[in-house]
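Observations on chain architecture
Residues per chain, in single letters:
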Amino acid sequence: MDLFISSGSAGEASLGTFLGAFALTVLASWASVLFSLLLTVGLFLDSRQLRRTDGDWSPTPLYALAGIVHGVGSTLLAAFAVSVPVVGYYLYRRRTRDTTAR
């Protein structure tokens, strides 16, 4: 983002830099949307599968909302303060559940 802002103030000679920075910004934005979509679907399907198995922890499919909040985090940085700990907790519990099942 810093490159994008600084490239617009340098003059006409940096048109290529400006367009490149703009393209990278758009690409990164769409990549974050795609990642949050995949995260949402993955969390939903994984939590649904875990509920069907026997175990000491059966997460609710509402954990998939963390993926949506993560997508909002690409625009609103404060949303990462919610989504990252929730997804981290889910992965921690998922891993400890897998190690105790062995």
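Calculation criteria
- Residues numbered from 1 in each chain as written.
- Predicted model: local features only at pLDDT ≥ 70, side-chain atom pairs only at ≥ 80, totals over all residues.
- Heavy atoms only, no water.
- Helix = DSSP H or I, 4+ residues; strand = E, 2+ residues; numbered from the N terminus.
- Salt bridge = Lys/Arg side-chain N within 4 Å of Asp/Glu carboxyl O.
- Buried < 20%, exposed > 50% of the residue type's maximum accessible area, 1.4 Å probe, protein only.
- Core = buried A, V, L, I, M, F, W, Y, C linked by side-chain atoms within 4.5 Å.
- Contact = heavy atoms within 4.5 Å.
- Expected span 1.5 Å × (residues − 1).
- pLDDT = per-residue confidence, 0-100.
- Phe/Tyr/Trp six-rings, centres within 6.5 Å; stacked < 30°, edge-to-face > 60°.
- Axes fitted to C-alpha atoms, helices over the stretch in contact; angles between N-to-C directions.
- Parallel < 35°, antiparallel > 145°, perpendicular 65-115°, else oblique.
- Nonpolar A, V, L, I, M, F, W, Y, C, P; charged D, E, K, R; others polar.

1. Considerations on the overall build of the protein chain
- The helix and strand inventory of the protein chain stands at 4 helices and 0 strands.
- Scanning the protein chain from its N terminus toward the C terminus, one meets helices and strands in the order α-α-α-α.

2. Side note on the pattern of salt bridges
- Throughout the structure, instances matching the rule amount to 1 salt bridge.
- In this structure, D46 engages R94 in a salt bridge whose closest nitrogen and oxygen atoms are separated by 2.9 Å. Residue D46 is located in helix α2 (residues 15-52), and its partner R94 is located in helix α4 (residues 80-101); the two are separated by 48 residues in the primary sequence.
- By relative accessible area, R94 is classed as partly exposed at 22%.

3. What to know about the nonpolar core
- Core analysis: the biggest nonpolar cluster contains 9 residues, these being L39, L43, L50, W57, Y63, A64, A66, V87 and Y90.
- Those elements that provide at least two residues to this core are α2 and α4.
- Broken down by element, this core gets its largest block of residues, 3 residues, from α2.
- Setting aside anything within four residues of it in sequence, one finds A66 in contact with L43, S83, V86 and V87.

4. Side note on α2
- Compared with the 56 Å implied by 1.5 Å per residue over 38 residues, the 56 Å span of α2 between its first and last C-alpha is a close match.
- The complete set of buried residues in α2 reads A21, S36, L39, T40, L43, S47 and L50.

5. A short note on the confidence of the model for the protein chain
- Per-residue pLDDT for the protein chain has a mean of 83; in total, 85% of the residues score no lower than 70.
- Element-level mean pLDDT values for the protein chain span from 58 in helix α1 (residues 2-8) up to 90 in helix α3 (residues 65-72).

6. Observations regarding the packing of aromatic side chains
- Going through the model one piece at a time under the given rule, you end up with 3 aromatic pairs.
- Consider the rings of W57 and Y63, whose centres lie 6.1 Å apart with planes at 70°: the pair is edge-to-face.
- Aromatic side chains Y63 and Y90 sit 5.2 Å apart centroid to centroid with 55° between the ring planes, which places their arrangement in the tilted category. Of this pair, Y63 sits in the loop between α2 and α3 while Y90 sits in helix α4, and the two are 27 residues apart along the sequence.
- For Y90, a relative accessible area of 1% gives the class buried.
- The rings of W57, Y63 and Y90 are connected pair by pair, giving a single aromatic cluster.

7. Here's the deal with the side chain of T40
- Along the chain, T40 falls in helix α2.
- Excluding residues within four positions of it along the chain, T40 makes contact with A64, G67 and I68.

8. Remarks on the packing of α2 against α3
- Two numbers describe how α2 lies on α3: the axes approach to 7 Å, and their chain directions differ by 170°. By the criterion of interaxial angle, the relationship of α2 to α3 is roughly antiparallel. On the side of α2, the interface is formed by F35, S36, L39, T40 and L43, while α3 contributes A66, G67, I68, H70 and G71.
- Of the residues contributing to the contact of α2 with α3, the split by class is 5 nonpolar, 5 polar and no charged.

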